[in-house]
Amino acid sequence: MARQVEVITLGTGAALPSLERFTAAYVVRDWAGNVILMDSGEGAQQRLRQAGISPTKVDFIVLTHGHGDHINGLPGLLGTMQLSGRKSRLTIIAPKYLAEPIRELINANKFEDQFPVNVIDVTGDEGSLTLSSWGRDRLVLSWFRACHSIEAYGYSLTWELGPRIAEPVEPSQARKLLEEGGSGLTSPRSFKLSYTGDTSPCDSVVKGASGANVLIHESTFDSSMKDEASKYGHSTSVGAAEDAVKANVGKLILSHISTRYEGYEALQLEQEARSVFPNSVLAWDLARFVANV
């Protein structure tokens, strides 16, 4: 089976939704069956259905900060999971100041009468936890401070792959080879996807996204609005590209686009970013990006 990671940009708009762009939400799926929702802006559950993904299949919800365009879709999404008969565990990961209100929401609506919910607090400047493991592989979530107008975090998902048998061998030899190691095995490898949430360009974001194969970076404004972006803790397309260069990432996806950029006007952001970081692409709602791992 091919090892692939898929990103579907459910909502690529900034603070205000438009007919073209819903607010922030991104779903990540991998070959092992993990489904992660990163932020849950208004309309996230509708976009999930349009993308052909049942809300009951989401294993993890990861929230960057408390602004409404990143969390307003959460109550409705949880309600839909409940009404759809979900039974499997859901894990929600959020800044500590959001975690308690989320627990209150869960208790008030008795969601745990239907399915278990685990809420994990994010604190400190950085940290990590293992979301899933299978065989010799695991999926690790790490967080880092973003530079926004309120306490906010970015996240990286890293698929850490254990050694593989390099050449076909007899089944009886495979276990011994994996246990003892040696020249018959490939080296461990990894694939990293980073997501900034809302942020100005800053060192902590560069550090957190360092070496990412794919970076989803907010790009609210064009370069002429650099002062406005800085004032409110946001990035221009050029600022996002500069972070991508400093972090030495493989691909940059521009998102969180202001409603002032209608239709093809938004391509200006992509053009500006490419002048700094050529492998930049502008995201649209329900775009799909697939990478081999």
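Along each chain, the written sequence defines residue order, and numbers are assigned to residues from 1. Residue-level local features of this predicted model are given only where pLDDT is at least 70; pairs of side-chain atoms are given and counted only at 80 or more, and the full residue set underlies all totals for whole chains, interfaces and linings. With hydrogens and water set aside, each side-chain value is computed from the structure's full complement of heavy atoms.

A. Looking closely at the sheet that holds strand E8 (residues 137-145). A pair of strands is labelled paired if DSSP reports no fewer than 2 bridges between them. Numbering of helices and strands runs from the N terminus, with a helix taken as a DSSP run of H or I at least four residues long and a strand as a DSSP run of E at least two residues long. With respect to topology, seven strands assemble into an open sheet ordered E7-E8-E9-E10-E11-E12-E13, the strand pairing being mixed. In this open sheet, the two edge strands, each paired with only one partner strand, are strand E7 (126-134) and strand E13 (280-282). Ignoring strand direction, the axes of neighbouring strands in this sheet form an average angle of 20 degrees. Judged from the eight bridges that link them, E7 and E8 form a sheet pairing that is antiparallel. Residue pairing across strands places Ser 128 opposite Ser 142, the latter belonging to E8. Contacts between residues were defined by any pair of non-hydrogen atoms, one from each residue, lying within 4.5 Å. To obtain each axis, a line is fitted to C-alpha atoms, and for helices this fit is confined to the stretch in contact; angles are then taken between N-to-C directions over 0 to 180 degrees. The strands touched by helix H8 (residues 237-247) within the sheet are strand E11 (214-218) and strand E12 (251-255), with E12 carrying the most contacts at an inclination of about 155 degrees. Where helix H9 (residues 267-276) meets the sheet, it contacts E12 and E13, and its direction lies at approximately 175 degrees from that of E13.

B. Summary view of the UniProt feature "binding site: Zn(2+) 1" (unreviewed entry) in the chain. Within the UniProt annotation, "binding site: Zn(2+) 1" (unreviewed entry) is assigned to His 65, His 67, His 148 and Asp 198. Judged by maximum C-alpha separation, these annotated positions cover 134 residues in sequence but sit close together in space, the widest gap being only 10.6 Å. Tracing the chain through its elements places His 67 in the loop between strand E4 (60-62) and helix H2 (68-71). For the exposure calls, accessible area comes from a 1.4 Å probe over protein chains only, and a residue counts as buried if that area is under 20% of its type's maximum, exposed if over 50%, partly exposed in between. Of the residues examined, His 67 reaches a relative accessible area of 27% and is grouped as partly exposed. UniProt positions are given in the numbering used here, feature names are shortened, and annotations may be inferred rather than shown by experiment.

C. Molecular detail of the state of the cysteines. Two cysteine sulfurs form what is called a disulfide whenever their separation falls within 2.5 Å. Tallying each qualifying case throughout the model produces one disulfide. Here Cys 147 engages in a disulfide with Cys 202; their sulfurs sit 2.3 Å apart. Here the S-S torsion is close to 95 degrees, and the disulfide linking Cys 147 with Cys 202 is therefore right-handed. Placement of Cys 147 in the loop between E8 and strand E9 (153-161) and of Cys 202 in the loop between strand E10 (189-195) and helix H6 (203-208) is noted, with a sequence separation of 55 residues between them. Overall, Cys 147 belongs to the partly exposed group, its relative accessible area being 29%. Given a relative accessible area of 13%, Cys 202 falls into the buried group.

D. A look at helix H4 (residues 96-108). Between its terminal C-alpha atoms H4 stretches 19 Å, which fits the 18 Å expected from 13 residues at 1.5 Å a residue. For H4, the elements touching its buried residues are H2, helix H3 (74-83), strand E5 (90-95) and strand E6 (117-122). Backbone geometry just downstream of H4 places Lys 110 in the positive-phi region, at approximately 55 degrees. To estimate the expected span of a helix, subtract one from its residue number and multiply by 1.5 Å.

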